[in-house]
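# Results of the structural survey
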Amino acid sequence: MNLDLDGVDWQLAHPGPKGTTRSPKIEIQVKSKSKPDLRNGLLQCRLPVNNYNQLAGPGFQIPRFLAYVVVPAEAGDYAICSADHMLLGTAAYWLSLVDQNIKPTGNDYPKSVMVEVPIRNLLTVETLNALLIGDLEGATA
């Protein structure tokens, strides 16, 4: 798949049945920041309107999500690798914009939009599995 032509950086899939869905897939747009702005349990993430519109609203055949990745300030601290494992720092959080309206574009409109990503939406193996089967409530920590 040629990614990021339509706002998709990753596509995650599960082969075969998972819950009541056969071969589920989700698509993810990734944004990252080393010094996130956290207010009242919400990470503030400014998206260009084009990127926002690639995630917003209903009608996608494959569900889409924003993954907001908090990364260490120093690139050398991003991954710790050994023969047993690779540990990535620091964390990633998800957001669905399926219930949001697409924003207008053009010279008379803002070029970006602020979204708020709840820190309770931590991406883990369990939350990714819940997102794959469409259980957004179960994907919230």
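Computed from a prediction, not measured in an experiment: that's the story for all the values here.

## Remarks on the sheet that holds strand β6 (residues 42-48)
Taken in spatial order, the three strands of this open sheet run β5-β6-β11, and their pairing is antiparallel. Edge positions in the sheet fall to β5 (37-39) and β11 (112-118), since each of these pairs with one other strand and no more. With direction set aside, neighbouring strand axes in the sheet form an average angle of 40 degrees. Relative to β6, β5 is paired through three bridges, and the arrangement is antiparallel. From the neighbouring strand, aspartate 37 faces β6, where its bridge partner is glutamine 44.

## Observations concerning the pairing of β6
Two successive antiparallel strands, β5 and β6, enclose a turn made up of two residues, where asparagine 40 displays a positive phi of approximately 50 degrees. Inspection of the sheet shows β6 paired to β11 by seven bridges, in the antiparallel sense. Looking across to β11, one finds that leucine 47 is bridged to valine 113.

## Quick notes on the packing of aromatic side chains
The description of an aromatic ring pair rests on the distance of the ring centres and on the angle between the ring planes. For the coordinates displayed, the defined rule picks out one aromatic pair. Between phenylalanine 65 and tryptophan 94, the aromatic rings sit 5.9 Å apart at their centres with planes inclined by 85 degrees, giving edge-to-face as the arrangement. Of this pair, phenylalanine 65 sits in strand β7 (residues 64-70) while tryptophan 94 sits in strand β10 (residues 91-95); the two residues are 29 residues apart in sequence, bridging distant segments of the chain. An identical accessibility class is assigned to phenylalanine 65 and tryptophan 94; each is buried.

## Some thoughts on unusual backbone geometry
One non-glycine residue with positive phi stands out, namely serine 23, at about 50 degrees. Within the secondary structure, serine 23 is located in the loop between β3 (21-22) and β4 (25-33). The phi dihedral of asparagine 40 is positive, around 50 degrees, even though this residue is not glycine. Within the element layout of this structure, asparagine 40 appears in the loop between β5 and β6.

## What about the sheet that holds β7?
With mixed pairing, the four strands of this open sheet are ordered in space as β1-β4-β7-β10. Both edges of this open sheet fall to β1 (10-13) and β10, since each of them pairs with a single strand only. Going from strand to strand, the sheet's axes swing by 35 degrees on average, the running direction of each strand aside. Here β4 pairs with β7 via seven bridges, running parallel. Across the sheet, residue glutamine 29 finds its bridge partner in β7, namely leucine 66.

## Focus: a nonpolar patch on the surface
On the surface, Tyr78, Met86 and Leu88 cluster together into a nonpolar patch covering about 300 Å² of accessible area. Residue position: tyrosine 78 is located in the loop between β7 and β8 (79-81). Classification of tyrosine 78 as partly exposed rests on a relative accessible area of 33%.

## As for the pattern of salt bridges
Going through the model one piece at a time under the given rule, you end up with three salt bridges. When the shortest N-O distance is used, the salt bridge between aspartate 6 and arginine 64 registers 2.6 Å. Here aspartate 6 is found in the segment before β1, whereas its partner arginine 64 is found in strand β7, with 58 residues between them in sequence. When its relative accessible area of 42% is taken as the criterion, aspartate 6 is described as partly exposed. The residue arginine 64 makes a salt bridge to glutamate 27 at a minimum N-O spacing of 3.0 Å. Of the two residues, arginine 64 is situated in strand β7 and glutamate 27 in strand β4; the sequence distance between them amounts to 37 residues. By the burial criterion, arginine 64 is buried, and glutamate 27 matches it. Taken together, the salt bridges that share partners define one network made up of Asp6, Glu27 and Arg64.

About the cut-offs
- Residues numbered from 1 in each chain as written.
- Predicted model: local features only at pLDDT ≥ 70, side-chain atom pairs only at ≥ 80, totals over all residues.
- Heavy atoms only, no water.
- Pairing = 2+ DSSP bridges.
- Helix = DSSP H or I, 4+ residues; strand = E, 2+ residues; numbered from the N terminus.
- Axes fitted to C-alpha atoms, helices over the stretch in contact; angles between N-to-C directions.
- Phe/Tyr/Trp six-rings, centres within 6.5 Å; stacked < 30°, edge-to-face > 60°.
- Buried < 20%, exposed > 50% of the residue type's maximum accessible area, 1.4 Å probe, protein only.
- Patch = residues over 30% accessible without salt bridge, like charges linked within 9 Å, V, L, I, M, F, W, Y side chains within 5 Å.
- Areas by Shrake-Rupley, 256 points an atom, 1.4 Å probe, with all protein chains shown as cover.
- Salt bridge = Lys/Arg side-chain N within 4 Å of Asp/Glu carboxyl O.

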